[in-house]
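Summary of the model geometry
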Amino acid sequence: MTSLPGAPHLAYREDNLFLENLRLSDLAHRYGTPLFVYSKAAMLTALAAYQQGFAGRNAQICYAMKANSSLAVLQVFAQAGCGFDIVSGGELERVLAAGGNSANIIFSGVGKTRTEMRQALNAGIGCFNVESQAELLVLNEVAVSMGRQARISIRVNPNVDPKTHPYISTGLKGNKFGVAHEQTLATYQMAASLPGLKVVGIDCHIGSQITDETPYLDAMDRVLDLVEAIESAGIPIDHIDFGGGLGINYNGDQPPAADDLWAKLLARLDARGYGQRKLMIEPGRSLVGNAGVCLTEVLYLKPGEQKNFCIVDAAMNDLPRPAMYQAFHAMVPVTASHAPTTTYDVVGPVCESGDWLGRDRALAVQAGDLLAVLSAGAYCMSMASNYNTRGRAAEVLVDGAAAHLIRERETAALQMQGERLVN
Ligand code: LLP
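The rules behind each value
- Residues numbered from 1 in each chain as written.
- Predicted model: local features only at pLDDT ≥ 70, side-chain atom pairs only at ≥ 80, totals over all residues.
- Heavy atoms only, no water.
- Helix = DSSP H or I, 4+ residues; strand = E, 2+ residues; numbered from the N terminus.
- Rg over C-alpha atoms; globule rule 2.2 N^0.38 Å.
- Buried < 20%, exposed > 50% of the residue type's maximum accessible area, 1.4 Å probe, protein only.
- Contact = heavy atoms within 4.5 Å.
- Areas by Shrake-Rupley, 256 points an atom, 1.4 Å probe, with all protein chains shown as cover.
- Lys, Arg positive; Asp, Glu negative; His and termini not counted.
- Charge placed at Lys NZ, Arg CZ, Asp CG, Glu CD.
- Pairing = 2+ DSSP bridges.
- Phe/Tyr/Trp six-rings, centres within 6.5 Å; stacked < 30°, edge-to-face > 60°.
- Near = heavy atom within 4 Å.
- Polar contact = N/O pair within 3.5 Å; in protein donor to acceptor, adjacent residues only side chain to side chain.
- Nonpolar A, V, L, I, M, F, W, Y, C, P; charged D, E, K, R; others polar.
- Domains from an automatic or database assignment.

Bringing the overall build of the protein chain into the picture now. In terms of helices and strands, the protein chain carries 12 helices and 21 strands. Compactness check: the protein chain gives a C-alpha radius of gyration of 23 Å against a globular reference of 22 Å for 423 residues, within 12% of the reference. For the C-alpha atoms alone, the extent of the protein chain along its principal axes is close to 70 × 65 × 40 Å. Burial status across the protein chain gives 55% buried among its 423 residues. Considering only contacts within the protein chain whose residues lie at least 6 apart along the sequence, 69% involve residues at least 24 apart. As displayed, the protein chain offers around 17,700 Å² of accessible surface, 49% of which is attributable to carbon and sulfur atoms. Here the protein chain contributes 34 positively and 42 negatively charged side chains, and the mean placements of these two sets differ by 4 Å.

Put into C-alpha cells, the structure is as follows:
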C-alpha cells in the first residue's frame, strides 16, 4: 500500500489499518460505526510544524476551531498552548469549557450579534476581527454601554486569488469577507476615533485548502503595505494576523509544509522590517484534517447497469464535504483485501442523490466490511447534521495505545429533547 494521507500515524500492519497503536477494526467493533477516530499525536505533529516555523518569534497560533470543535480536540490544543479563532458565541462557550485561555481568543466573522459581542467582552477575549464599518460602530456602542474597550483588528480583503474551490475562497473582491483594500485606512481612522475600541492589529484570511505559497506571499505584501500606511497615519498596529488556509493532502495534493511556508513568509517579513512584530495565525484544517478518519461499515452492494453502488452506514450528514464541494476523500479498507476490485460509487443511506462519499472507487469489499474515509478530521464532524434524523457519529481520540471515547453516539432521544408537541 502506498503512503496514506495521515501517515505516519495511519498505517497498515500486516493487513490491518492502525491509527497510532490501535487497530481500527477493534475500535469499530467496540464503539460501532460510523465512527470518527482522531490521533492526538498527528494533531501535535501538525502543530509542531508551525511551532518550529515560528521558533524564536513572537507568535501566537490560534486554532480555527470551526474545523473541529469537539471539546477534547480543543483541550489538546489548549494544553499545547494554542489560542483559538472563534466565529460564534457557541464556539466561545466551547473554548471556555475545554479550558482555553480567553485572552488568546480572537473572534472572526461577518455577522457577530450584539449578544455575542457582550458575551465575548465579558469573557475578556484578546481581539475582535472586525469585518465592516457597520460592525465597528455596533461593537463600539456595545463596549461603551458596558464601560469596556473592545480590542480590535480589521480584517482586510487583500484581493488575491488563493486558487482553491470558489466556496472556500475568501480574499477576493467579490467575497463577503473583510474590508476592501482601498477602504482600510479610512476604516482604521474611524476605529481609532471611537472610544469603545482599541486598535491592536490587522488581519486577513484569503481562503482554505491553499496548496501554493504564492497567494500567501502576495497577501502578506499587501497587508504590509497597509500596515505602513496605517502607522504613517499615527495608528500603531501591535500584531499582524495572517489567517489560516494551508491545505492538506487529500488526493496527492502537495501543499508546502507549515515550517517551510513560514520560513519563506518570515524571510519576507524580515526583508520588509516586520520580523519582530507580534504574529498570529489561524490554522484549522492543517492541524486536524489528516489526524482523523471516519470508519463506516458496508451495508449493501448494489450492482447496476451503469454504476455499481457500495452503500455504507456513513452519509452526507456525517461527511458533508463531497456533497457540498465535490470534495475527494480517500477511502481504504480497514482490513486489506487481496481480492480483485470492482468500481463503485460509495453512497450513504440518506434520501438524496447528492448523498455520495466517493465516486468510481476501486474496492474489493463485501457487506459487513469496514472502510476508513481518510482526511476526515477537519470540517466533517463540525459540519455534521441530523438530516434524516440520523444521530451524529461517536468520536474517539487515540493517544498511543489508549482510546478515549470523546463523544457518545447521539440518540434520537437527544435529538428530540428540545422539541415540544402542541397540546
Ligand atoms: N480564519 C478564518 C477567518 C476562516 O474563515 C477560516 C476558515 C480559517 C481561519 C481556517 O481556515 P483553514 O486553515 O481551516 O483553511 N468547510 C470548508 C472550509 C471552510 C473554511 C472556512 N473558513 C471545507 O470543508 O473545505
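Additional details are given in the paragraphs that follow.
Quick look at the pairing of strand S15 (residues 309-312) now. With four bridges connecting them, strand S14 (residues 292-302) and S15 associate as antiparallel partners. Bridge assignment links valine 298 to a residue of S15, and that residue is valine 312. Turn length for the S14-S15 hairpin, with the two strands adjacent in sequence and antiparallel, is six residues. Looking at chain direction, S15 and strand S17 (residues 342-347) are connected through three bridges and run parallel. Of the residues in S17, the one forming a bridge with isoleucine 311 is valine 347.

Tallied over the entire structure, the rule returns six aromatic pairs. Taken together, a centroid distance of 6.3 Å and an interplanar angle of 70° make the contact between tyrosine 63 and phenylalanine 84 edge-to-face. In this pair, tyrosine 63 is assigned in strand S5 (residues 59-64) and phenylalanine 84 in strand S6 (residues 83-86), connecting sequence segments 21 residues apart. For the residue pair tyrosine 63 and phenylalanine 84, the accessibility class agrees, reading buried in each case. Ring centres of phenylalanine 242 and tryptophan 262 lie 5.9 Å apart, and the angle between their planes is 55°; this geometry places the pair in the tilted category. Linking phenylalanine 242 in the loop between strand S12 (239-241) and helix H9 (258-271) with tryptophan 262 in helix H9, this pair joins segments that are 20 residues apart in sequence. Across this residue pair, the class does not change: phenylalanine 242 and tryptophan 262 are buried. Here the aromatic cluster, defined as three or more aromatic residues joined through ring pairs, consists of Phe54, Phe242 and Trp262.

Around the ligand lies a shell of 18 residues, among which Ser208, Glu282, Arg321, Tyr325 and Tyr379 are the nearest. The separation between an oxygen atom of the ligand and a polar side-chain atom of tyrosine 379 is 2.6 Å. Against a free-state accessible area of 590 Å², the protein chains account for coverage of 91% of the ligand. Its residues assigned to classes, the shell around the ligand shows six nonpolar, six polar and six charged. Formed jointly, the shell around the ligand draws a minimum of three residues from each of two domains, domain 1 (2-39 + 289-416) and domain 2 (108-283).

With that settled, consider the environment of glycine 377. As for its position among the elements, glycine 377 is in the loop between strand S19 (370-373) and strand S20 (394-399). Put simply, glycine 377 and glycine 292 are 85 residues apart on the chain and 3.9 Å apart in space, counted from C-alpha to C-alpha. Excluding residues that lie within four positions of it along the chain, glycine 377 makes contacts with Tyr38, Ala67, Asn68, Val288, Gly289 and Gly292.

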